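Per-entry structural report
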Amino acid sequence: MASDIRDRKDIVRLIDRFYDKVKDDAQIARFFTEVVPVQWDKHLPVMYDFWENVLFYSGNYSGNPMLKHRALHEKSALCAADFERWLLLFTTTVDEMYAGKYADTIKQRAEQIATVMQIKIIQNTSAF
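What you see is a predicted model; the values in this text were computed from it and never measured.

**Some points on the overall build of the chain**
- Of the regular secondary structure elements, the chain holds 6 helices and 0 strands.
- Along the chain, helices (α) and strands (β) appear in the sequence α-α-α-α-α-α when read from the amino end.
- Here the chain has a C-alpha radius of gyration of 14 Å; the compact-globule value for 128 residues is 14 Å, and the two agree.
- In terms of principal-axis extent, the alpha carbons of the chain reach across some 45 × 30 × 25 Å.

Structure representation (structure tokens):
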């Protein structure tokens, strides 16, 4: 049986594997390769900090992901299916690697984040 997410090292492993899938995904890879070509050496450490803070309240993340995703949406419109695909890749990756309280929590938080972003970016862009 898989172990639970325990620390930053586990977060790093999860996020690295998740983004490996994203880079190869036919539906959403273009956002990371064409729309806004990601500098992975800079992006990944930010994502490690973000998810470590989401899960363990580390306080080591500062940023505004909503503004970043709104800017992305303005360059190439995001749709509900894009968020659904992102969430599926994320939760599938978690399930492949981990099981337990923190694994469940990170999946729940990912779903909440995706839902809020869809509402604020797609359905209510005038709210900014």
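**Points about the pattern of salt bridges**
- For the structure on display, the rule yields 10 salt bridges.
- Between Lys23 and Asp20 there is a salt bridge, with the nearest N and O atoms lying 4.0 Å from each other. Of this pair, Lys23 and Asp20 both sit in helix α1 (residues 8-24), 3 residues apart, roughly one helical turn.
- Of the residues examined, Asp20 reaches a relative accessible area of 45% and is grouped as partly exposed.
- The closest approach of N and O atoms between Lys107 and Asp104, which form a salt bridge, is 3.8 Å. Of this pair, Lys107 and Asp104 both sit in helix α6 (residues 101-123), separated by 3 residues, roughly a single helical turn.
- The class of Lys107 is buried, set by a relative accessible area of 18%.
- Here the salt bridges do not stand alone but share partners, grouping Arg6, Asp10 and Arg13 into one network.

**Examining the packing of helix α4 (residues 65-75) against α6**
- Where α4 meets α6, the axes come as close as 10 Å, and the angle between the chain directions of the two elements is 45°. On the basis of their axis angle, the class for α4 and α6 is oblique. Of the two elements, α4 crosses α6, and the hand of that crossing is right-handed. Only Val116, Met117, Lys120, Ile121 and Ile122 of α6 make contact with α4, whose side of the interface consists of Pro65, Met66, His69, Arg70 and His73.
- Of the residues in the contact of α4 with α6, the class split is 6 nonpolar, 2 polar and 2 charged.

Thresholds, definitions, all that
Residues numbered from 1 in each chain as written. Predicted model: local features only at pLDDT ≥ 70, side-chain atom pairs only at ≥ 80, totals over all residues. Heavy atoms only, no water. Helix = DSSP H or I, 4+ residues; strand = E, 2+ residues; numbered from the N terminus. Rg over C-alpha atoms; globule rule 2.2 N^0.38 Å. Salt bridge = Lys/Arg side-chain N within 4 Å of Asp/Glu carboxyl O. Buried < 20%, exposed > 50% of the residue type's maximum accessible area, 1.4 Å probe, protein only. Axes fitted to C-alpha atoms, helices over the stretch in contact; angles between N-to-C directions. Parallel < 35°, antiparallel > 145°, perpendicular 65-115°, else oblique. Left-handed = near helix turned anticlockwise from the far one by under 90°. Contact = heavy atoms within 4.5 Å. Nonpolar A, V, L, I, M, F, W, Y, C, P; charged D, E, K, R; others polar.

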